[in-house]
Amino acid sequence: MLKIAIGQFMQESHSFTPIGCSWEQFRAGHIYRGEEILTRMIGNKVEVAGAIDLAREQNAGIVPLLACNAVSSGYVRADVFDDLLGDLLGRLEARLPVDGLFLALHGAMVAEGDEDASGTVLARARELVGADTPIVASLDLHANVTRKMIEASDGLVGYHTCPHVDLYETGAAGMRLLLHVIRGAVKPVMGYCRLPLIAPPENSVTLEGPFRELMEIALAFESHPNILNVSVFYVQPWLDLSDIGCSVVVVANGDQRLADEIADEIAEEFWRRRRRLYVDLTPLQDAVRAAVNAPEGPVILADGADAPSGGAPGDSPAILSALLEAGVDVETLINIVDPAAVDSAIKAGVGNEVSLRVGAWSSDMWEPAEISGRVLRVSDGAFRFTGPGYRGREFHRGRTVLLQSGAIFLQIMERPVFQGDTALYTSLGLDPRKAGIVVVKTPTAFRVDYGPFAAQVILVDAPGATSSNLKSFNWRKLPRPFYPFDEIDDWRQ
């Protein structure tokens, strides 16, 4: 029986967030070791589960290593990165030899002192297993793919959707490729093109618009008999690195020239659409006014500038303050991260009134919002996504309080978590489908779960660590010329 090692080391880094990545951020996600991976992750719609299920269907044996996933945040602390990588590699070394290695990575992880942490994970694994043992990795669509990652692996396979609903399928595709390589059915080579381009996340969606067009062009090439996989990477845009950019990876069966030509053609199509990737947002006050006066709900106010999925702290009170000032009188669901406010509300007790200053604890970008209300509920903060993306994955937002102030239902939590799933609210007994206004702190991830019942979606132009105004950040390492900071005619220059 084949012996396949499986591991996960995922974190999406952000150069401009005030929130670093320590053990706390991984605890907000998960850390599973050895056999715990099989008991905790099977049945979830994530990459590792897809890879394991496919391997079992093909009668391959599984060697579970380490599975860890942090909430998006700043650079991973050096000691945390070294400990987790050491754990992963130590478990791999103890089970050698293996026939192949599958790794679920994000692809945009940066550690202190290491701009290409994902590349380091792959390179160190390659040193252990040797040149003849195939390695395949799955990547997020927002990965920053580097030459180091290409050279250390036999295949890189990315998501094809945004919002991300094909994690499980991507894991299965990666495992299928790995098994084909092990059995000698294919000899993968990778074509790789990097563009001097970053773009805001709002138009990275594959539901509509220019990136959907691009993905359709890319995936059409997978019908070619010698093409094994095609991936287009939109890249996490808030990375101030010397080696960064949107990219295309084409995995072909033994034909390097074909892989290079197709990667180049897709990259050219990407470049032609670069100006269309930028999006017009609605000014904050206009957005709140439109939501308050909407004839029907729910109206989704998407605060992409404070998106924990991109690395923001989730503590912006900008929309909350505007709603309070507007005197909103329709049921409104909103959330904010503030550990001190959680503690004060818990001390006040369920059923009691409390006055709080919430938000703005991570920076002086805003003034805290002042709110008074009744403590309705206290939770330990653990919940599972129930929608198409990340279905079954457990998140840990820390102690969480639900506060009612008039028509506003404010969720206050200790830790930031991804916000694309309605379970963020339903886990506290709230129903976004029946609300007049729902605030989600994400630019795109909400569209699949909220889209079917939203009466209106408003993309809000607010300040924050994940603002789509990329020119507003203090870039220091970014290579130049680089779009959108410079006008470039030919991306190959």
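Just above, that's the structure.
Presented here is an overview of the structure given in this document. Given the structure is predicted, the values throughout are model-derived calculations rather than measurements.

## Quick word on the environment of V337
Phase 1: Along the chain, the position of V337 falls in strand 12 (residues 332-337).
Phase 2: In sequence terms V337 and D315 are 22 residues apart; their C-alpha atoms lie 4.7 Å from each other.
Phase 3: The contacts of V337, once residues within four sequence positions are left out, are P313, G314, D315, G359, W361, M413, E414, R415 and P416.

## Observations concerning helix 11 (residues 318-326)
Phase 1: Within helix 11, burial applies to A318, I319, L320, A322 and L323.
Phase 2: Within two residues after helix 11, G327 carries a phi angle of roughly 65°, on the positive side.

## Topic: the pattern of salt bridges
Phase 1: One pass over the full model with this rule turns up 28 salt bridges.
Phase 2: With a closest N to O distance of 2.7 Å, D264 and R492 form a salt bridge. Highlighted residues: D264 in helix 9 (residues 256-272) and R492 in the segment after strand 20 (456-461), separated in sequence by 228 residues.
Phase 3: With a relative accessible area of 42%, R492 lands in the partly exposed category.
Phase 4: Among the ionic contacts, a cluster of salt bridges with common partners joins E213, D264, E268, E269, R272, R273, R276, D490 and R492.

## Overview of the packing of helix 3 (residues 47-57) against helix 7 (residues 167-182)
Phase 1: Where helix 3 meets helix 7, the axes come as close as 6 Å, and the angle between the chain directions of the two elements is 45°. Classified by the angle between their axes, helix 3 and helix 7 sit oblique to one another. The way helix 3 lies across helix 7 gives a crossing that is right-handed. Residue-level inspection shows E47, A49, G50, A51, D53, L54 and A55 of helix 3 in contact with helix 7, the latter providing L167, Y168, G171, A172, M175, R176 and L179.
Phase 2: Along the lines of polarity and charge, the residues of the contact of helix 3 with helix 7 split into nine nonpolar, two polar and three charged.

## Points about the packing of aromatic side chains
Phase 1: Tallied over the full model, the rule gives 18 aromatic pairs.
Phase 2: Summarising the aromatic geometry, the rings of Y450 and F453 are spaced 5.7 Å apart at their centres and angled 45° between planes, so their arrangement reads as tilted. Judged on exposure class, the residue Y450 and its partner F453 are both buried.
Phase 3: Grouping aromatic residues by their ring pairs yields a cluster made of F383, F385, Y390, F395 and F418.
Phase 4: Between K45 and the ring centre of Y168, over which it is positioned, the NZ or CZ distance is 4.3 Å.
Phase 5: Directly above the ring of Y483 sits R274, whose terminal nitrogen or CZ lies 5.5 Å from the centroid.

What counts as what
Note on numbering: residues in each chain are counted from 1, in written sequence order. For this predicted model, a pLDDT threshold of at least 70 governs which residues receive local features, and a threshold of 80 or more governs which side-chain atom pairs are given and counted, while totals over whole chains, interfaces and linings are taken from all residues. Computation of side-chain values: all heavy atoms of the structure, hydrogens and water removed. Every helix listed is a DSSP run of H or I at least four residues long, and every strand listed is a run of E at least two residues long, numbered separately from the N terminus. In this description, contact between two residues means that some pair of their heavy atoms is separated by no more than 4.5 Å. Partly exposed residues are those whose accessible area sits between 20% and 50% of the maximum for their type, while under 20% is buried and over 50% is exposed, using a 1.4 Å probe and protein chains only. For this document, the term salt bridge refers to a Lys or Arg side-chain nitrogen within 4 Å of an Asp or Glu carboxyl oxygen. Every angle, taken between N-to-C directions, lies between 0 and 180 degrees, and every axis is a line fitted to C-alpha atoms, over only the stretch in contact when it is a helix. Each angle receives one of four descriptions, namely roughly parallel if under 35 degrees, roughly antiparallel if over 145, roughly perpendicular if within 65 to 115, and oblique otherwise. Crossing handedness is read from the near helix: turned anticlockwise from the far helix by less than a right angle, it gives a left-handed crossing, and turned clockwise, a right-handed one. The residue classification treats Ala, Val, Leu, Ile, Met, Phe, Trp, Tyr, Cys and Pro as nonpolar and Asp, Glu, Lys and Arg as charged. All others, Gly included, are polar. Stacked, edge-to-face and tilted are the three classes for Phe, Tyr and Trp ring pairs, Trp counted by its six-membered ring, which pair at centre distances within 6.5 Å; planes under 30 degrees apart are stacked, over 60 edge-to-face, the rest tilted. Consider the ring centre and the ring normal. A charge sits over the ring if Lys NZ or Arg CZ is within 6 Å of that centre and within 35 degrees of that normal.

Purely spatial values, then, with no claim about function.
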